Amino acid sequence: MAGSSFRALWILNNLDLVVFSRRFPVVEKRWRAACNVENNNAVWPLLPTDSEIADAFVERKRREGSARGYGLRVAESVEGSDSWVDDPITRHIIGLHIQRDEENYLLWPLVLHIKGLHYILVLPLVEPKHLIAYQILYKRPDCGTAVGVDTNMSSLLLDLPSITGGFQVAHAVGDIITGDIVEPEVVASASPSVGGLLDSLTGSIGIAGISARAKPVATHGAVSSPSGTAITGSVSWDTPKIGSRPLDKDALQTYISGSMPFGTPLELSYSNISAIKAHGFSSSDIPPAEIKQPAWKPYLYRGKQKILFTFYETISAAMYDRDEIPDSISVAGQVNCRAELEGLPDVSFPLTGLHSACIELLSFHPCVQVPEHGVDRQAVMFQPPMNNFVLIWYRASCSLGPPIKGFYQLSMVSENEGAFLFKLRLMEGYKAPLMMEFCSVTMPFPRRSIVSFNGTPSIGTITTTEHSVEWKIVPSGRGIMGKSVEATFPGTVRFAPLQTQRLSSSVSIVGSTVGEDNGTETHNSSNVVNVEEFLAEKMSKQLPSVELEEPFCWQAYDYAKVSFKIIGASLSGLHIDPKSVSIYPAVKAPIELSAQVSSGDYILWNSLGKCPSAAVAKVVNQCEP
């Protein structure tokens with residue numbers, strides 16, 4: 001956030017009305033001073049009013065086809081629009097043309113973030129020369145990055161670190177709007193209840209009257225992200241999602257007043273801002289003069305001291321059971337931490353198991369120093385923040401091998417009947433304290449309706465829906481530990497006649513085609529295209545069923561998906577020995593370590609059908625001894 005300041009912030013609802021705004025006069029004064037130097041005291045327009053912002057935003061949506069716009073130059077693009085620049089980043093960094101009396105001027109760069117029912121616009125402080133450079137870009141006749149032209153959108157943005165800060169502010173504000181304020185979860189291994197460990201500055205700290213923070217709740221669909229943080233790469237649509245809670249203006253005002261009162265962010269952690277607002281700073285919280293208080297720890301802890309580490313790992317695999325295609329398995333993990341320590345101590349420990357884990361990626365929280373690196377160990381030293389935080393991120397191999405091995409076979413006995421066979425082995429080579437809490441296998445048939453099912457597994461129970469069969473091998477509450485389990489499941493499944501399904505699909509296609517024709521006429525008349533709505537509509541169309549050799553997954557491949565959860569230790573092989581954790585200055589603080597492993601996309605491909613695979617270059621495996 002260094003060097004980031006912001007002139008203003010606006011929030012619009014799904015009716016394109018400004019429901020919240022905040023301007024920062026101190027930063028605006030800096031902008032106008034820079035403009036005066038650049039243009040010899042020329043008069044620059046004042047920040048637009050809320051109604052002017054709303055009108056300009058509506059006009060841009062009309063001109064660009066949607067709130068985000070095209071991102072690329074298309075037939076509907078006009079000179080002076082964001083899409084005329086011909087760069088996809090203009091879907092997230094936009095410009096608004098403000099109309100005031102006889103005057104029309106450009107407000108740029110505006111960071112656009114869509115969250116819940118709201119559009120969030122953040123206006124970072126840039127130099128006038130950057131605005132002038134962009135005005136040249138959105139009027140030039142050529143598109144893309146021209147040969148021999150130095151100025152382009154990428155080089156311009158690389159010179160603007162405040163853009164990154166703008167996205168951080170926009171996302172923080174969006175989380176407050178929707179209530180998605182969560183922290184990485186830290187689990188205590190010694191007690192089944194973790195609520196007390198997830199409290200924010202509760203009575204255990206020794207400060208009276210501080211209420212407990214609610215236990216973090218995982219985001220929907222984020223099974224593979226136990227930290228509760230947002231996953232990069234998710235799809236973001238133009239239209240605000242329905243079902244968001246009402247805007248809490250008081251919470252926003254409080255947060256902005258504490259985090260960036262004069263337009264320059266000081267602290268974006270909502271938990272820290274809330275605690276500081278509730279309790280302020282006491283004279284006892286002032287650190288010794290010779291110790292510099294880090295930015296990530298704005299106040300000091302008081303109370304019972306302890307440190308908690310939790311390994312969270314997600315295993316993704318593609319199991320083929322074919323000689324010509326090797327199985328693929330990978331582990332994405334993170335180490336969450338909560339250090340309740342008085343003062344400003346240094347915590348250090350060796351992270352071991354790097355060689356056996358075959359680490360592909362290793363990164364750390366900004367508070368971490370890594371003074372030493374060996375073949376199989378990494379020294380880690382840090383001054384911990386107050387709340388739960390992600391200490392380490394990593395990507396590695398599974399040193400213990402796949403937790404579920406075996407094969408899945410599925411073939412057609414007739415056009416409407418398939419025979420299948422599972423033969424699996426669970427937790428082979430896994431020893432205590434590793435325990436599998438649950439395990440299930442799902443066979444999806446998204447484009448075939450199940451009429452009847454016949455089969456008895458050697459272990460577990462079966463449940464069916466119209467388009468899937470689920471095999472619960474290890475139900476919740478009946479975990480397995482210290483032994484391997486072999487499970488087999490032969491059976492048959494009958495489907496509704498294929499001709500009936502094809503007929504209904506054809507009718508759907510005809511109806512869709514008519515709708516498309518009508519939509520095309522409307523599009524031609526209005527000369528506006530919403531790219532994401534168009535793609536979403538295309539993806540949702542009913543397509544014709546495939547032929548007999550691939551009757552299951554609608555022009556995809558047939559497979560079974562495994563879901564499981566394992567606790568007790570990490571499967572990558574990375575390890576923190578609680579006895580090797582040292583604290584300076586020395587204090588008596590218990591160190592607790594726990595681990596949870598869950599399945600990501602753990603796929604068993606049908607070994608009798610078609611399957612996707614990628615050729616991997618043969619390299620020397622440096623992880624082998």
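Structure: above.
Rules and cut-offs
- Residues numbered from 1 in each chain as written.
- Predicted model: local features only at pLDDT ≥ 70, side-chain atom pairs only at ≥ 80, totals over all residues.
- Heavy atoms only, no water.
- Buried < 20%, exposed > 50% of the residue type's maximum accessible area, 1.4 Å probe, protein only.
- Helix = DSSP H or I, 4+ residues; strand = E, 2+ residues; numbered from the N terminus.
- Pairing = 2+ DSSP bridges.
- Axes fitted to C-alpha atoms, helices over the stretch in contact; angles between N-to-C directions.
- Salt bridge = Lys/Arg side-chain N within 4 Å of Asp/Glu carboxyl O.
- Parallel < 35°, antiparallel > 145°, perpendicular 65-115°, else oblique.
- Contact = heavy atoms within 4.5 Å.
- Nonpolar A, V, L, I, M, F, W, Y, C, P; charged D, E, K, R; others polar.
- Patch = residues over 30% accessible without salt bridge, like charges linked within 9 Å, V, L, I, M, F, W, Y side chains within 5 Å.
- Areas by Shrake-Rupley, 256 points an atom, 1.4 Å probe, with all protein chains shown as cover.
- Lys, Arg positive; Asp, Glu negative; His and termini not counted.
- Charge placed at Lys NZ, Arg CZ, Asp CG, Glu CD.
- Core = buried A, V, L, I, M, F, W, Y, C linked by side-chain atoms within 4.5 Å.

Asks: Would you mind going over the pairing of strand 24 (residues 591-605) with me for this structure?
Replies: Residues in a regular strand project their side chains so that they alternate between the two faces of the sheet. Strand 24 sits mainly inside the fold: eleven of its 15 residues count as buried. Direction of pairing for strand 6 (residues 306-319) relative to strand 24: parallel, over a ladder of twelve bridges. Counted as the bridge partner of Met-319 is Leu-604 from strand 24. Note that strand 21 (residues 559-567) and strand 24 share seven bridges and pair antiparallel. Within strand 24, the residue paired with Lys-565 across the bridge is Ser-598.

Asks: What's the story with the sheet that holds strand 13 (residues 404-414) in this structure? I'm lost.
Replies: Each strand in a sheet pairs with its neighbour through backbone hydrogen bonds, running either in the same direction (parallel) or in the opposite one (antiparallel). Ordered by their spatial adjacency, four strands build an open sheet running 13-14-20-16, and the pairing between neighbours is antiparallel. In the strand order of this sheet, the two ends are held by strand 13 and strand 16 (450-455), each with one partner. Across the sheet, the mean angle separating the axes of adjacent strands is 20° when strand polarity is ignored. Pairing of strand 13 with strand 14 (residues 417-426) involves ten bridges; the strand directions are antiparallel. If you follow Gly-406 over to strand 14, its bridge partner there is Leu-424.

Asks: I tried to follow the pattern of salt bridges on my own but got confused; where do I start?
Replies: Side chains carrying opposite charge are able to pair once their charged atoms draw close together. On inspection of all chains with the given rule, the structure shows 16 salt bridges. Between Arg-425 and Glu-428 there is a salt bridge; the shortest N-O distance is 3.8 Å. Residue Glu-428 is classed as partly exposed on the basis of its relative accessible area of 34%. Residues joined in a network through salt bridges with shared partners are Lys-405, Arg-425, Glu-428 and Glu-486.

Asks: Mind showing me how you'd approach the packing of helix 1 (residues 25-38) against helix 3 (residues 128-137) here?
Replies: Running from N to C, helix 1 and helix 3 cross one another at 70°; their axes reach a closest spacing of 9 Å. Comparing the axis directions of helix 1 and helix 3 gives the class roughly perpendicular. Residues Trp-31, Ala-34, Cys-35 and Glu-38 of helix 1 form the contact with helix 3, whose own contacting residues are Pro-128, Lys-129, Leu-131 and Ile-132. When the residues that make up the contact of helix 1 with helix 3 are grouped by side-chain class, the tally is six nonpolar, no polar and two charged.

Asks: How should I be thinking about a negative patch on the surface in this particular structure?
Replies: Together, Asp-321, Asp-323, Glu-324 and Asp-327 give the surface a local cluster of negative charge. Structurally, Asp-327 can be placed in the loop between strand 6 and strand 7 (328-340).

Asks: Hey, could you run me through the sheet that holds strand 1 (residues 6-12) in this one?
Replies: Sheet architecture is open: five strands sit in the order 2-1-5-4-3, paired in antiparallel fashion. The open sheet is flanked by strand 2 (18-23) and strand 3 (93-100), the only strands paired with a single partner. Strand after strand, the sheet turns through a mean of 30° between neighbouring axes, direction not considered. Inspection of the sheet shows strand 1 paired to strand 2 by five bridges, in the antiparallel sense. Considered in strand 2, the bridge of Trp-10 is made with Ser-21.

Asks: Help me understand the nonpolar core, please; the structure alone is not making it clear to me.
Replies: Soluble globular proteins: nonpolar side chains tend toward being buried together. Residues Ile-11, Trp-108, Val-122, Tyr-134, Val-173 and Leu-252 are the most contacted members of the largest nonpolar core, which totals 41 residues. When residues of this core are traced back to their parent elements, those giving at least two are strand 1, helix 1, strand 4 (103-115), strand 5 (118-124), helix 3, helix 4 (153-158), helix 5 (161-178) and helix 6 (249-259). Ranked by residue count, the leading element in this core is helix 5, at seven residues. Sequence-distant contacts of Tyr-134, defined by excluding residues within four places in its chain, comprise Asp-82, Val-85, Thr-90, Leu-106, Trp-108, Met-153 and Leu-156. Counting 39 residues, the second-largest nonpolar core is a separate cluster that includes Leu-424, Tyr-430, Phe-445 and Val-485.

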